[in-house]
Protein chains: 2
Amino acid sequence: MADSDLGERVGRRARGGGGAARRAERTAVRMEFTRYITRNIPDLEILNAEALEIIEANAETVLAEIGVNFVDNPAALERWREAGAEIEGERVRIPRGLARQLCATAPREFTQAARNPERNVVIGGRNLVLAPVYGPPFVRDSANGRRYATITDFRNFVKLGQMSKWLHHSGGTVCEPTDVAVNKRHLDMLHAHMTLSDKPYMGSVTEPSRAADSVEMSKILFGDAFVDENTVMTSLININSPLTFDSTMMGALEIYAAANQACIISPFIVGGAMAPVSVAGTLTQVLAEVLAGVAYSQLVRPGAPVIFGAFVTSIDMNSGAPTFGTPEASQITLGAGQLARRLGLPYRSAGGFTGSKLPDAQAAYESANTLNTGLMAGVNFMLHACGWLEGGLVSSYEKFVMDADQLGALHKLAAGIDMSENGQAMGAIREVGPGGHYLGCAHTQANFKDAFWRTNLLDYRPFETWEEQGAPDTMALAEKRVAKLLGDYQPPPLDPGVAEALSDYVARKKAAVPDAFL
Amino acid sequence: MADSDLGERVGRRARGGGGAARRAERTAVRMEFTRYITRNIPDLEILNAEALEIIEANAETVLAEIGVNFVDNPAALERWREAGAEIEGERVRIPRGLARQLCATAPREFTQAARNPERNVVIGGRNLVLAPVYGPPFVRDSANGRRYATITDFRNFVKLGQMSKWLHHSGGTVCEPTDVAVNKRHLDMLHAHMTLSDKPYMGSVTEPSRAADSVEMSKILFGDAFVDENTVMTSLININSPLTFDSTMMGALEIYAAANQACIISPFIVGGAMAPVSVAGTLTQVLAEVLAGVAYSQLVRPGAPVIFGAFVTSIDMNSGAPTFGTPEASQITLGAGQLARRLGLPYRSAGGFTGSKLPDAQAAYESANTLNTGLMAGVNFMLHACGWLEGGLVSSYEKFVMDADQLGALHKLAAGIDMSENGQAMGAIREVGPGGHYLGCAHTQANFKDAFWRTNLLDYRPFETWEEQGAPDTMALAEKRVAKLLGDYQPPPLDPGVAEALSDYVARKKAAVPDAFL
């Protein structure tokens, strides 16, 4: 596998026009980006057929006999009643097989368009799309430590994402801009993704009206007709596990599904608290919840693009704290992937998870465990692939670039083994022979540039050189890389008319209501 | 999977007698240990059948047409000639199929006995035996930094290994005791493993006479008859890649094989230097080298226990430095596992590899990548599973306990998913229902103690508590754990007559020749 097969290209800055675009072209730095991963290696199938059938049968039992709650949502209950479910109060009991049957209209894979069409992603199949951390109220960096996140931090993380070669998606709430009113921050967040990045992004889910704003702003960016005909957002709909669908999240889902925009329908589970303390029990509940949520999306609009989500971790039974990168979480991630494939849905799970408070060895062990598991589990959309710290409370600048570097290794591993004649290298083995050295041989000369994945961060220098140059640890290397990426950052070109219309929309919506901080 | 199924037991200290044993019993601390891993999850098969057949055919071509060199070893050339190989100088060309045919007498799995029979390990099949770092001339710890290793360090690492619950093997050269003469240090190393640990250990390979000492000392420890009938050492025989078998290593192999003691026959490859710059080419060379080495062991003694080794990493094409935890190394580790299984041999590869100079995030990412790959690759014997730093130049005290903690996660992941009725937890899902909480439910109460893997190192405390208590990073946590383990250490009981005979042997051999430091 040569790196060129990975689809690395220099961004051509083909779109956009006017002064901003010309300025960008004059000062253009090389912007590398990489196509999403298409796996050429198998998945790890941790559950055998018998185990899968047991879990699937149990999930049907959960839906039929226990049921799920759709809270404060009479319209949803009515949709379910019409579809054939049994309604009792807010409880929805779904006859065996019905949810799975409803899920059949959801697409096996879909394209999410980016404003730069070279950065479109295809979610599903053998693909893996990598998106950054989502949700933390705090940020941390070496120089300033841990503090509440601001809109400046938010913009910095979007810029880091744009500059990260191995990241395919700009994400959503890369951190919570806590200095902006709660009822307005979605506008600033969307504006940042739309203007500072040309990668695909996520919409707001914290209120149905904010989902509607996300659709409106996307129409300004892409044009009305394009948004009607294409998926331009993938948004995160969490299920209130166990077995509860609240009206805020369902309201956002209804808006997105109706607009043919994609949603991740994702149980949010700390095992032992929101699901049974066992792996098989947790998988059963995950499947039941996803079946109900995806089926509901198809009741809203058959064919609406959705993703089978599983955000699952375990709990430290001593302290009650959530833990990450643990073997039980890996088993669930692997098993849920099998369940998603059998259901014929794209799968979202894993990430660079850690419970550590610092981007230290603990953070790296836990994140590497999760990243590797995600690749082996057949994940199609990996949220939190870089930058996650402290159980999701913190977006870390340094960890963002550390994880983002490791994502390159995932690309290479997933590409599989080149079995071409060049890959077999029999000529080289003949040329060098017993006791020889490969560094100078013709095959090495012809292939060395693309043969091995190259880090942009890690240190391989000999001890003495490294020590003379200050003996930097990974944190120090990452701090330097963050500064370089933010320094090199240039905004992708955007039609000035579109830019102005987006700013106008944000200003108008902000002016229309007073700030709310709750 | 309950932890009890993992075979955790409190060491009964059943063997040994006399004063030392009584003293140990009086002051006994709880010594936990864990049986070797028996995988209940599948391997990741990265190569398809066609690719495997190509590599196997190419390896036969290498042996038949290029051949291997057996250097300074007329007896080996004679053995090969008799077996049907074509000899030209030191070059041995092995007709297609012959090496594979000779390998057939090597056992698919074997038991390595420990002096405490509860710690015997079965190497091969679905098992994974974990052994510590091997070979570094330097050590590093927080307080004292990087320095040449001494016999005191060596003993400390053996003690840490004995105290590490998830480590099944005491290993070999856990660091080089550079303060002891080169021609005598094997005696002190073996003495440390035999007296300070009751786990299985490795013998010396740096000269045939030192291999003979290893056998002699083992006979003192286990008794002559026991060693004649049982495998009590697994030793590391490196191949001088490409395709070269030197007389020192082959001399040690000859002694061990003749004594029915196990050897790992292991290409030592930095890809791009000692093997082609491509993964498929490297796998071809690895297979050819192992076929020749294992076949040779069977010429020395048919049925001698051997392990298919693959120590393979890649090179940083900028600096020439070896790199670790890279995707190419993972691909080779996975592919070589398939080749080993098709050959019907136990497989040695992977470890907690890193090129980092510090036990920092780089070290942890790289090590976690390698440890996870080793589990998925079906490795049966993992050398360097803990404590490796700086490309193998340094044994790190803190990294030893960091990695050793992660080995517990491998045990739990490998155990697979409990599909019993209790594991399915349908009663719990019914009991809790939509919107409920699992912490208090009967199933959680009954299972929480064994449900999740527990770290002995990592920090899950809330930020505020952690900060109040000094905001320790993983390094600081590890430093504390090293001190605790060394403080709690107690030697396993040993018959005083045996202890005295071992000390006498060491003293006698040391007195017989002058010190040599080269």
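Values in this document were obtained by computation on a predicted structure and should not be read as measured data.

1. Examining the packing of aromatic side chains
One pair of aromatic rings is described through two measures. These are the centre distance and the angle between the planes.
Line of reasoning, step 1. The final tally for this structure, using the stated rule, is 32 aromatic pairs over all chains.
Line of reasoning, step 2. Aromatic pair Trp80 of chain A and Tyr296 of chain A: ring centres 6.4 Å apart, planes at 25°, arrangement stacked. Here the residue Trp80 of chain A occupies a position in helix 3 (residues 74-83), and Tyr296 of chain A occupies one in helix 10 (residues 279-300), the gap between them amounting to 216 residues. In this structure, Trp80 of chain A and Tyr296 of chain A share a single accessibility class: buried.
Line of reasoning, step 3. Relative to Phe353 of chain B, the ring of Phe311 of chain B lies with its centre 5.3 Å away and its plane at 85°, an arrangement referred to as edge-to-face. Placement of Phe311 of chain B in strand 16 (residues 311-315) and of Phe353 of chain B in the loop between strand 18 (347-348) and helix 12 (361-376) is noted, with a sequence separation of 42 residues between them. Accessibility assignment for this pair places Phe311 of chain B and Phe353 of chain B in one class, buried.
Line of reasoning, step 4. Ring-pair connections join several aromatic residues into one group, and the members of that group are Phe268, Phe311, Phe324, Phe353 and Trp388 of chain A.
Line of reasoning, step 5. When the ring centre of Tyr36 of chain B is taken as origin, the NZ or CZ atom of Arg35 of chain B, which lies over that ring, is 4.4 Å away.
Line of reasoning, step 6. Just above the ring of Phe33 of chain B sits the side chain of Arg119 of chain B; from NZ or CZ to the centre is 4.0 Å.

2. Some details on the interface of chain B and chain A
Line of reasoning, step 1. With 111 residues of chain B at the interface, the matching set in chain A holds 113 residues.
Line of reasoning, step 2. In this assembly, chain B packs against chain A so that about 9300 Å² is buried in total across both faces, 69% of it on carbon and sulfur atoms.
Line of reasoning, step 3. Contact with chain A buries surface across chain B, with Tyr365, Phe452 and Tyr460 of chain B losing the most and accounting together for 9% of the total.
Line of reasoning, step 4. Arg430 of chain B is paired through a salt bridge with Glu65 of chain A; the nearest N and O atoms lie 2.9 Å apart.
Line of reasoning, step 5. Along the contact surface separating chain B from chain A lie 44 residue pairs in polar contact (both at pLDDT 80 or more).
Line of reasoning, step 6. The biggest single contributor to the side of chain B that touches chain A is helix 12 of chain B, with 10 residues.
Line of reasoning, step 7. Looking at the side of chain B that touches chain A residue by residue, the classes come out as 54 nonpolar, 35 polar and 22 charged.

3. Some words on the domain arrangement of chain A
Residue and element names in this part refer to chain A.
Line of reasoning, step 1. Domains assigned within chain A are domain 1 (49-99) and domain 2 (101-415).
Line of reasoning, step 2. A straight line from the C-alpha centre of domain 1 to that of domain 2 covers 25 Å.
Line of reasoning, step 3. Between domain 1 and domain 2, the residue contacts involve 25 residues of the former and 24 residues of the latter.
Line of reasoning, step 4. Taken together, both faces of the contact between domain 1 and domain 2 bury some 2200 Å²; the carbon and sulfur share is 68%.
Line of reasoning, step 5. Summed over the shared surface of domain 1 and domain 2, the result is 12 residue pairs in polar contact (both at pLDDT 80 or more).
Line of reasoning, step 6. Secondary structure elements with two or more residues in the side of domain 1 that touches domain 2: helix 2 (49-66), strand 4 (68-70), helix 3 and helix 4 (98-103).
Line of reasoning, step 7. Per element, the largest residue contribution to the side of domain 1 that touches domain 2 is 10 residues, and it comes from helix 2.
Line of reasoning, step 8. By residue class, the composition of the side of domain 1 that touches domain 2 is 15 nonpolar, 5 polar and 5 charged.

4. Observations concerning the relation of the copies chain B and chain A
Line of reasoning, step 1. It takes a turn of 180° to lay chain B on chain A, together with a shift of 0.0 Å along the axis; the resulting RMSD is 0.0 Å. This pairing of chains is accounted for by a two-fold axis. Proximity to the rotation axis, assessed at the C-alpha, singles out Ala361 of chain B in chain B; its C-alpha lies 2.1 Å from the axis.
Line of reasoning, step 2. The overlap is high: 100% of the interface residues of chain B also sit at the interface in chain A, so the same surface is used on both sides.

5. Comments concerning the sheet that holds strand 10 (residues 138-141) of chain A
Residues and elements named next belong to chain A.
Line of reasoning, step 1. Strand order in the open sheet made by the 4 strands is 11-10-21-20, with mixed pairing throughout. The two strands at the open ends of the sheet, each matched to only one other strand, are strand 11 (145-148) and strand 20 (388-389).
Line of reasoning, step 2. When strand 10 meets strand 21 (residues 394-396), the two strands line up parallel, connected through 3 bridges. Across the sheet, the residue bridging to Phe138 is Val394, located in strand 21.

Criteria and cut-off values
- Residues numbered from 1 in each chain as written.
- Chains lettered and ligands numbered in written order.
- Predicted model: local features only at pLDDT ≥ 70, side-chain atom pairs only at ≥ 80, totals over all residues.
- Heavy atoms only, no water.
- Phe/Tyr/Trp six-rings, centres within 6.5 Å; stacked < 30°, edge-to-face > 60°.
- Helix = DSSP H or I, 4+ residues; strand = E, 2+ residues; numbered from the N terminus.
- Buried < 20%, exposed > 50% of the residue type's maximum accessible area, 1.4 Å probe, protein only.
- Lys NZ or Arg CZ within 6 Å of the ring centre and 35° of its normal.
- Contact = heavy atoms within 4.5 Å.
- Buried area = accessible area lost by both parts, 1.4 Å probe.
- Salt bridge = Lys/Arg side-chain N within 4 Å of Asp/Glu carboxyl O.
- Polar contact = N/O pair within 3.5 Å; in protein donor to acceptor, adjacent residues only side chain to side chain.
- Nonpolar A, V, L, I, M, F, W, Y, C, P; charged D, E, K, R; others polar.
- Domains from an automatic or database assignment.
- Least-squares fit on C-alpha atoms with pLDDT ≥ 70 in both.
- Pairing = 2+ DSSP bridges.

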